[in-house]
Amino acid sequence: MKIQSTTQGDVNILELSGELDYHSSPELREKLGELTGKQASKILMNLSGVDYMDSSGIATFVEAFQKTKRYQGRLVLAELTGTVRGVFEIAKLDSIFEIAPTVAEAMTRLGTKA
Amino acid sequence: MNESEQPIIEVKELVKRFGDRAVLDGINVNIPRGKITVIMGGSGCGKTTFLRHLIGLYQPTSGDILVDGVNIAGLKEKEMNEVRRKFGMLFQGSALFNSMTVGENVAVPLREHTDLSPEIIRIIVRVKLELVGLTGFEDFMPHQISGGMKKRVALARAIALDPKIVFYDEPGAGLDPITASMIDRLILDLSKKLNITSVVVTHEMKSAFRIADQVIILHKGKVLQVGTAEEIQNSKNSYVQQFIQGESEGVIPFKQTSEAYLKGLLST
Ligand SMILES: Nc1ncnc2c1ncn2[C@@H]1O[C@H](COP(=O)(O)OP(=O)(O)OP(=O)(O)O)[C@@H](O)[C@H]1O
Ligand SMILES: [Mg+2]
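Residues numbered from 1 in each chain as written. Chains lettered and ligands numbered in written order. Predicted model: local features only at pLDDT ≥ 70, side-chain atom pairs only at ≥ 80, totals over all residues. Heavy atoms only, no water.

J.: Whenever I open this one, the site of ligand 1 confuses me. Can you help?
T.: Residues and elements named next belong to chain B. Surveying the vicinity of ligand 1 reveals 14 residues, the closest of which are S43, G44, K47, T48 and T49. Relative to its free-state accessible area of 630 Å², ligand 1 is covered by the protein chains to the extent of 64%. Secondary structure elements with two or more residues in the shell around ligand 1: β2 (21-31) and α1 (47-54). If you tally residues by element for the shell around ligand 1, the top one is α1, at three residues. Considered class by class, the residues forming the shell around ligand 1 number four nonpolar, seven polar and three charged. (Near = heavy atom within 4 Å. Areas by Shrake-Rupley, 256 points an atom, 1.4 Å probe, with all protein chains shown as cover. Helix = DSSP H or I, 4+ residues; strand = E, 2+ residues; numbered from the N terminus. Nonpolar A, V, L, I, M, F, W, Y, C, P; charged D, E, K, R; others polar.)

J.: What should I look at first to understand the pairing of β2(B) in this one?
T.: Residues in a regular strand point their side chains to alternate faces of the sheet. All names here are of chain B. Note: strand β1 (residues 9-18) against β2, eight bridges, orientation antiparallel. The partner of K16 across the bridge, within β2, is L24. Counted along the chain from β1 to the antiparallel partner β2, the turn is two residues long, and its residue G19 has a positive phi close to 65 degrees. (Pairing = 2+ DSSP bridges.)

J.: What is the right way to look at the interface of chain B and chain A in this model?
T.: Contact with chain B, which involves 19 residues of that partner, is made by 21 residues of chain A. Here chain B and chain A share an interface that buries about 1600 Å² over both sides, 68% of which is from carbon and sulfur atoms. Per-residue buried area on chain B facing chain A is highest for I120(B), I123(B) and K193(B); these three make up 30% of the total on that side. The interface formed by chain B and chain A contains two salt bridges. A salt bridge links E119(B) to R29(A); the shortest N-O distance between them is 3.5 Å. The interface formed by chain B and chain A holds five residue pairs in polar contact (both at pLDDT 80 or more) in total. (Contact = heavy atoms within 4.5 Å. Buried area = accessible area lost by both parts, 1.4 Å probe. Salt bridge = Lys/Arg side-chain N within 4 Å of Asp/Glu carboxyl O. Polar contact = N/O pair within 3.5 Å; in protein donor to acceptor, adjacent residues only side chain to side chain.)

J.: Before we go on, may I ask you to explain the environment of L44(A) in this structure?
T.: Residues and elements named next belong to chain A. Relative to the elements of secondary structure, L44 occurs in strand β3 (residues 42-53). Separated by 41 residues in sequence, L44 and I3 place their C-alpha atoms 13 Å apart. Sequence-distant contacts of L44, that is, excluding residues within four places in its chain, are made with V11, N12, I13, L14, V76, A78, V103, A106, M107 and L110.

J.: Help me understand the domain arrangement of chain B in this model?
T.: Size of an interface, as often reported, equals the accessible area lost when the parts are brought together. All names here are of chain B. On domain assignment, one finds that chain B holds domain 1 (3-236) and domain 2 (237-268). Distance between the C-alpha centres of domain 1 and domain 2: 27 Å. Domain 1 puts 16 residues into the contact, and the matching count from domain 2 is nine residues. Buried surface at the junction of domain 1 and domain 2, summed over both partners, amounts to about 1200 Å²; 63% is from carbon and sulfur atoms. The three residues of domain 1 that bury the most area against domain 2 are M205, H219 and L224, which together make up 32% of that side's buried surface. (Domains from an automatic or database assignment.)

J.: Sorry, what's going on with the pairing of strand β10 (residues 222-227) of chain B here?
T.: Residue and element names in this part refer to chain B. Bridge analysis of strand β9 (residues 214-219) against β10 gives five bridges, and the strand direction is antiparallel. Paired with H219 across the strands is K222, a residue of β10. Once β9 ends, the chain turns through two residues before running back antiparallel as β10, passing K220 with a positive phi of about 50 degrees.

J.: Can you walk me through the sheet that holds β10(B) in this structure?
T.: In any sheet, the strands associate via hydrogen bonds between backbone groups, in a parallel or an antiparallel arrangement. Residues and elements named next belong to chain B. Judged by pairing direction, the sheet is mixed, and its six strands sit side by side in the order β6-β7-β8-β3-β9-β10 without closing on themselves. The open sheet is flanked by β6 (87-90) and β10, the only strands paired with a single partner. Neighbouring strand axes in the sheet, compared pairwise and without regard to direction, differ in orientation by 15 degrees on average. Where strand β3 (residues 36-40) lies against strand β8 (residues 197-201), four bridges are found, and the strand directions are parallel. Its bridge partner being in β8, I36 is matched across the sheet by S198. The sheet strands contacting helix α5 (residues 147-158) are β6 and β7 (165-169), and the helix crosses β6 at an angle near 170 degrees. Sheet contacts for helix α6 (residues 177-194): β3, β7 and β8; angle to β3, the most-contacted strand, approximately 140 degrees. (Axes fitted to C-alpha atoms, helices over the stretch in contact; angles between N-to-C directions.)

Below, the structure is given as C-alpha cells:
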C-alpha cells in the first residue's frame, strides 16, 4: 500500500493505493494518528486506488473517526471502490461515515474549493 | 480463463480409503470462486470427510486438491498452515474457550496471526460481533449465552481474519430457526458483498436451495450430480429426487441404514 499525504487549504488529504490489509493498516493508523494527534480539523481520505480492504482497514477508519469526533474534527472518505464499499456495507458502517462520491464533492462538503 | 473465472478449488480424482473401504471414491468437482457451494447427501456418504480434505485436515489416499492452483495433497504442515490462512471454518460443536469472554474468543486469531494493536483488534471484534447479531455480548462468558449464540460467536471468530473461503459443516444443525436463517443471510452477504467463497454441508433442504449457487450431491463416495439449485430440484435422477423428497421426512437415512445393515449381515 502507498500513502500520499498532501494539504489543500485547511484540508489534510491522504491518498491511498494498493491493499489496505492487516499488514499495511498499522502504517495508515500511524499517519492518521499524527493528524488526529494535532487535532487536524478536516481530513479527506481518497480511496480511489484501494483495490482491497480488510477489517483492520475499516477498524483503522473507525478509530480515526472516533478521535476526530472528540475534538469536533471531520473525516470524509471519498471515491470508494466497489469492494471497499462492500466492506463498509457489510460492517453496517456506510451510514456512520461521511462518504463522498468524488474528491471534489468531498472538498465542497468540507467548505474548501478544490 | 482469467483469475475471477478460475475455480478457487479444483478436486481431481480424490480417493480416501479408511482401511479397505473407499469413503471418497474418485471425486471430480470444482468450487467456483466467490460463490456458495452446498454439499448434500445421505448420512455417512462422506460429506464431512470431503470437507476435511478441502481444508487439509485429512490427506487423500490418492488424487489432487488445488487451492488457488496449489496442490494441498501431500503438503507439509508448515505450508498447509500458510494455505489455511485463507480459510475460515465453522464446524459442528462451537469449541469456544470457556475461560475467555466472547470478545476474547473472537480476538484469538487476530492476536495469533497479526501484529494489530489491541485497540484495532477491539474494534474488529465489535464489527464481527455485530455481523452475527451479538453486539453488546463482548464481555459475556460462554456459559452465560445460549447454544445458538455460541455458534454465532464461533462464526464471528471464523471470519475474524477475513478469510477468502469459509467452510461450514451443518451450520444450522440444532439451531433455532432465527439463528439458522441469520447464518444463511450472513453467508449470502459475505458472498455477494465481499466475494467470499462458501462451502456449506447441510441437511436443511430449504436453506440449501435458498443460498446455493452450486449444489453437489454426494452418494456412496461419488459425485452424483452437480448443478444450480434449480437444476437439482428438477433433476431427472431418481436418487436425487428421492433424496430431496426423503430428506424432509428422514426416509433416506433409515433406508440407507437398513440396506447397509442387511448387506453387513449377509456378507458375514
Ligand atoms: N477417521 C475415520 N476412520 C474410519 N472411518 C471413518 C473416519 N471418518 C469417517 N469415517 C467413515 O466414513 C463414512 C463417511 O463419514 P462422514 O462423516 O464423512 O459422513 P457424512 O456424510 O458427513 O455423514 P453425516 O451426514 O452423518 O454427518 C462413514 O461411514 C464414517 O464412519
Ligand atoms: Mg458429517
